[in-house]
Amino acid sequence: MMLKQRPTAAMEGLCQRDKLNARALLRWTFVWGVTWVVVALFFGPGDRGLASISPWMYGLLVIPLAACVAMIKAYLRFLREADELVRLVLLRAAAIGFGVAFALGFVFLLSSQMFGEWEDAGAITWGAGWLAYQISFSWQWKHYDVQPSA
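This write-up is about the structure you can find in this document. Just so you know, these numbers come straight off a predicted model, no measurement behind them.

Each value, and the rule that gives it
Residues numbered from 1 in each chain as written. Predicted model: local features only at pLDDT ≥ 70, side-chain atom pairs only at ≥ 80, totals over all residues. Heavy atoms only, no water. Helix = DSSP H or I, 4+ residues; strand = E, 2+ residues; numbered from the N terminus. Buried < 20%, exposed > 50% of the residue type's maximum accessible area, 1.4 Å probe, protein only. Contact = heavy atoms within 4.5 Å. Phe/Tyr/Trp six-rings, centres within 6.5 Å; stacked < 30°, edge-to-face > 60°.

This brings us to the overall build of the protein. When helices and strands are tallied, the protein shows 5 helices and 0 strands. Its helices and strands taken in sequence order, the protein reads α-α-α-α-α from the N to the C terminus. Looking at the 150 residues of the protein, the share that counts as buried comes to 29%. Long-range contacts, defined here as pairs at least 24 residues apart, represent 69% of the contacts in the protein between residues at least 6 apart.

Shown next as structure tokens:
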């Protein structure tokens, strides 16, 4: 079952180079996630407005942005150096995740004109895109039998 696997169980089907690149990608993804959460908690919710934010606080926004750039570079390196089948699975999963996020974002855009803005629309859109990516990735990983059989 997918939920009972170790987080790195999918790496068992990878060659050593791909494992190293995948670990680098996981590290940068973790760093980006932690910095994003810390900065989001630091700014916190509220209607303070731009005038009430100190200029040095804008410097905090650079931290998750820099981690995100490093994460994207690690992902592109992983794709560039990955085995063809691994690359195919990752790119198909990314295409499906993007398609779901695009379609749902378009639906929220049109429905906001009829029913008004919904503040959670962005989070739901990105969450649905991520979920579609994960489901597509897992299905294709098993479909193409990238993992060695246990």
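Anyway, onward from the coordinates.
Let us look at the packing of aromatic side chains. Following the criterion strictly, the structure yields 3 aromatic pairs and no others. Aromatic pair Y133 and F137: ring centres 6.3 Å apart, planes at 10°, arrangement stacked. Of the two residues, Y133 and F137 are both situated in helix α5 (residues 121-143); the distance of 4 residues between them amounts to about one turn of the helix. For the pair formed by Y133 and F137, the shared burial category is buried.

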